[in-house]
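Chain by chain, the residues run as shown.
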Amino acid sequence: MSTFKDKLRNGDTVSLINVNHPSLGVVDVVSRLGIDAFMFDCEQGNLSYADVEYMGRAAQANGVGAIARIPSPEPWIIERTIMRGVDGLVIPRLDTADQARRAIADIRYASPSTFARKVIIVQIETVPAVQELDDFLSLSEVDCFFVGAVDLAKSMGYDGDYSQPAVQAKLQDVVSRIVARGRTAGFLVKENDMAYWQSQGVTMLYSHVNEFLSLGVRHWRLAAGLPV
């Protein structure tokens, strides 16, 4: 069976789901529904290192990738998170390719014997990062460039509103540049825009368990003939 890293590298369409809740039960149930990997959010979520370790084991037991998003790319955070047995990291808060290079080196230091199997996802989410995008794309160790729409909109002065035309144009430009270099692009998608971003070349589709629940309840109510 192909790993999550293999699928990212091969350009397969994959799902990365933010589990949202520190719950082994949620991980166990959702990992049986056909997703590719969980993201355990230690940047914006309330997960402990113990949560990451045990939830990661539950995901891996069902053949689903366990990816942690760290709060910042500091060496001790990378080392401590990698040592929880996760399959890889989402690295946020990067403005320069040199910062990404240092983070990659820290991952290699923390897992020298398994580094080649670790998933490395770099977030492109600030104006400075976009300005250095070509340098980011030269980093061969990166498996996916995750375009952070909300944070890029904030960095552009739009208070996180990525529906603004200027932000949409920038997002489309960034995705197209990633895809043109033959690299994998990731993006936050919702039911109404998933097909569009796929048509632009996005292959890593990021969403939240809460969004899954909302979508499921809405379709259940429609099937039952109830108002939504």
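Each remark here, short or long, concerns the structure printed above.
All figures in this text were calculated on a predicted structure; none of them were measured in a lab. (Residues numbered from 1 in each chain as written. Predicted model: local features only at pLDDT ≥ 70, side-chain atom pairs only at ≥ 80, totals over all residues. Heavy atoms only, no water.)

Caption draft 1: Representation of the overall build of the protein in the model. Helix and strand counts for the protein stand at eleven helices and eight strands. Its C-alpha atoms give the protein a radius of gyration of 17 Å, near enough to 17 Å, the size a compact globule of 228 residues would have. C-alpha atoms of the protein, sized along the principal axes, occupy 55 × 40 × 30 Å. Put simply, the protein has 228 residues, and 46% of those count as buried. Sequence-distant contacts, at least 24 apart, represent 59% of the contacts inside the protein between residues at least 6 apart. Of the roughly 10700 Å² that the protein leaves accessible, carbon and sulfur atoms contribute 52%. Positive and negative charge centroids in the protein, built from 22 and 27 side chains respectively, lie 3 Å apart. (Helix = DSSP H or I, 4+ residues; strand = E, 2+ residues; numbered from the N terminus. Rg over C-alpha atoms; globule rule 2.2 N^0.38 Å. Buried < 20%, exposed > 50% of the residue type's maximum accessible area, 1.4 Å probe, protein only. Contact = heavy atoms within 4.5 Å. Areas by Shrake-Rupley, 256 points an atom, 1.4 Å probe, with all protein chains shown as cover. Lys, Arg positive; Asp, Glu negative; His and termini not counted. Charge placed at Lys NZ, Arg CZ, Asp CG, Glu CD.)

Caption draft 2: Representation of the sheet that holds strand β1 (residues 14-18) within the structure. Strand order around the closed barrel formed by eight strands is β1-β2-β3-β4-β5-β6-β7-β8, with parallel pairing between neighbours. Along the sheet, successive strands turn relative to each other by an average axial angle of 25 degrees, direction set aside. Pairing between β1 and strand β8 (residues 204-208): five bridges, direction parallel. Residue Val-14 lies in a different strand from β8, and its bridge partner there is Met-204. (Pairing = 2+ DSSP bridges. Axes fitted to C-alpha atoms, helices over the stretch in contact; angles between N-to-C directions.)

Caption draft 3: The pattern of salt bridges, seen in detail. A full pass over the atoms with the stated rule returns 16 salt bridges. With a closest N to O distance of 2.7 Å, Arg-57 and Glu-53 form a salt bridge. A residue pair is termed a helical-turn pair when its members lie 3 or 4 positions apart in one helix, as Arg-57 and Glu-53 do in helix α3 (residues 49-61) at four residues. The salt bridge partner of Arg-177 is Asp-134, with a shortest N-O separation of 3.4 Å. Taken together, the residues Arg-177 in helix α9 (residues 165-180) and Asp-134 in helix α7 (residues 133-137) connect sequence positions 43 residues apart. Here Arg-177 falls in the partly exposed class, since its relative accessible area comes to 24%. Residues joined by salt bridges that share partners form a network here, namely Asp-41, Glu-43, Arg-69 and Arg-93. (Salt bridge = Lys/Arg side-chain N within 4 Å of Asp/Glu carboxyl O.)

Caption draft 4: Looking closely at helix α11 (residues 209-223). With 15 residues, α11 should cover 21 Å at 1.5 Å per step; its first-to-last C-alpha distance of 21 Å lies within 8% of that length. Positive backbone phi, approximately 75 degrees, marks Gly-225, located one or two places after α11. (Expected span 1.5 Å × (residues − 1).)

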